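Coordinate inspection notes
Residue-level listing of the chains:
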Amino acid sequence: MASSDEARQLRYQTDAEMRASSNSPVDNQGAKRPNCRALSLAGHVGFDSSPDQLVNKSIHQGFCFNILCIGETGIGKSTLMNSLFNTSFDEHMSTHFQPNVRLKAETYELQESNVRLKLTVVNTVGFGDQINKDDSYQPIVDYIDAQFEAYLQEELKIKRSLYNYHDTRIHVCLYFISPTGHSLKTLDLLTMKILDSKVNIIPIIAKADTISKSELQRFKTKIMSELVSNGVQIYQFPTDDESVAKINATMNGYLPFAVVGSMEEVKVGNKTVKARQYPWGIVQVENEHHCDFVKLREMLICTNMEDLREQTHMRHYELYRRCKLEQMGFRDTGPENKPVRMPDSKKTPRRESLQETYEAKRHEFLGELQQREEEMRQMFVQRVKEKEALLKEAERELQVKFEHLKRLHQEERIRVEEKKKILEDEIMAFNKRKAASDILQGRPLPATPTVALKKDKDRKNSGFM
């Protein structure tokens, strides 16, 4: 009984210490709490299976990996993707006559052993084919930002499902460099400079079998020198993990990778290998003495795929998210762990809750909306007044024209009446002369039309026909 009470007292004491230690601060790296005690276990508990649980959960959920391929048309982007994943993706041939750059994304379900991978390959169609290349990079920037925005919108939903969300954020950008052997093009430097804060860039020299080894080595040195001098930050393989630090440090010295891609199988000795066959010899894709294809595949897929995904989320996406929240008016957290929003004067920060900030932005938006509606209403009223003035002016012109035509009609009618009267007088004079002539010749007088004409005229004046 005493031992039971002592155990209960010890448990209460331990719980109190844990509650006290939970109030102590913890840094962002998850450092050990200063009040936590290190205890030794008297037997097996079972939480050492947590890594196995994570592995099983990840295998059940599957993985996703998104690759952006940037390069000129015909430089070998599709062939390299087929060679990297040892499959044939359905790709359509692109022409060099695209009016602008567009991005084409294709998603594939791959499986190796019991691990499933949802791979998305985004290809730049028409990159570098236009005469004016000033805005060739803009569709790429817009696409990357659109994927960040889609993830942010899903993250901000009340009912969100990030577990089943198809993450389309670009994890790595393979930038294909033409094997000129001289230097980088201005378009290459400008594009990589703009994208280095949005995506992990791995520069590769495509079709490396078109230049000699000595030229290739000088070309690599020249490329890295230009990248450093222009401040372009490419992806460096991490060296903080002891298990891969040595190989990653070595592979960082091979950047940019000089690769050759091919799905053509050639028999070399007793084995069949993927290679490119020329009249002067055979270039084997998976031969490290011929190109860096194996190094690229090892670093990209086998060793650092998870780090690329982590860097995308922790660095590039967080930068985009921070900029978007700052545009909404948020700053950092204050002493009470509340978002700090800078006032319009930006002299002293004031702390507001998320609801307050939302309401402030909502009122600001409604105010802008009402202002725009008032401006549109004023513009509409002004245009209606202008239209009414035009219609009134047109009506006045039509009235003046009508009065003028009416006056002309009256004048013409008077002239016709006058001519008609003259004609009637001439007819009466003619009939008189004819009657006088008949009398002189001794012929009987016919019925004078003058009397009949006079009677018709009297009937017309009296209104009877």
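To keep things clear, this report deals only with the structure shown in the data block. For clarity, every value in this text was computed on a predicted model and none was experimentally measured.

**Things to note about the sheet that holds strand E3 (residues 115–125)**
Taken in spatial order, the six strands line up as E2-E3-E1-E4-E5-E6 in an open sheet, and their pairing is mixed. Among the strands making up the open sheet, the edge pair consists of strand E2 (102–112) and strand E6 (257–258). Of the strand pairs in this sheet, E2 and E3 are connected by eleven bridges, and their pairing is antiparallel. Bridging from a neighbouring strand, glutamine 111 pairs with arginine 116 of E3. Where helix H5 (residues 186–195) meets the sheet, its contacts fall on strand E1 (63–70), strand E4 (172–177) and strand E5 (201–205), and the angle it forms with E4 comes to roughly 170°. Set on the sheet, helix H6 (residues 213–229) makes contact with E4, E5 and E6; between it and E5 the angle comes to about 150°.

**Remarks on the pairing of E4**
Within E4, six of the six residues are buried, which leaves the element mostly enclosed by the surrounding structure. Taking every second residue as pointing to the same face, both faces of E4 are buried, with Val172, Leu174 and Phe176 on one and Cys173, Tyr175 and Ile177 on the other. Bridge count between E1 and E4: four bridges; the pairing is parallel. Bridge pairing in E4 links isoleucine 67 to valine 172. Bridge analysis of E4 against E5 gives five bridges, and the strand direction is parallel. From the neighbouring strand, leucine 174 faces E5, where its bridge partner is isoleucine 202. Crossover E4 to E5 through H5 is right-handed.

**Overview of H6**
Between its first and last C-alpha, H6 extends 24 Å over 17 residues, near the 24 Å set by a 1.5 Å rise per residue. Listing the buried residues of H6 in full gives Leu216, Phe219, Lys220, Ile223, Glu226 and Leu227. Across the axial projection of H6, the buried residues extend over an arc of 135°, all falling on one side. Set apart from the buried face of H6 by more than 90 degrees, the exposed residues are Arg218, Thr221, Val228 and Ser229. Buried residues belonging to H6 abut E4, H5, E5 and E6. Remark: glycine 231 follows H6 within two positions and exhibits a positive phi of approximately 70°.

**Details of helix H9 (residues 305–328)**
With 24 residues, H9 ought to run about 34 Å at 1.5 Å a step, and its terminal C-alpha atoms sit 33 Å apart, in line with that. Tyrosine 317 marks the point of greatest bend in H9, at about 35°. All of the buried residues along H9 are Met305, Asp307, Leu308, Thr312, His316, Tyr317, Tyr320 and Leu325. Two residues or fewer after H9 comes glycine 329, characterised by a positive phi angle close to 115°.

**Regarding the nonpolar core**
Counting 73 residues, the largest nonpolar core has Leu174, Ile202 and Leu296 as its most contacted members. Considering each element in turn, this core owes the most residues, seven residues, to helix H4 (residues 138–155).

**Notes on the environment of valine 125**
Relative to the helices and strands, valine 125 resides in strand E3. The exposure class of valine 125 is buried, given its relative accessible area of 4%. Between the alpha carbons of valine 125 and asparagine 100 there is a distance of 8.5 Å; along the sequence they are 25 residues apart.

What counts, and at which threshold
Residues numbered from 1 in each chain as written. Predicted model: local features only at pLDDT ≥ 70, side-chain atom pairs only at ≥ 80, totals over all residues. Heavy atoms only, no water. Pairing = 2+ DSSP bridges. Helix = DSSP H or I, 4+ residues; strand = E, 2+ residues; numbered from the N terminus. Contact = heavy atoms within 4.5 Å. Axes fitted to C-alpha atoms, helices over the stretch in contact; angles between N-to-C directions. Buried < 20%, exposed > 50% of the residue type's maximum accessible area, 1.4 Å probe, protein only. Right-handed = clockwise from strand over helix to strand, strands pointing away. Expected span 1.5 Å × (residues − 1). Arc of directions from axis to C-beta. Bend = angle between axes of the 7 residues up to and from the residue. Core = buried A, V, L, I, M, F, W, Y, C linked by side-chain atoms within 4.5 Å.

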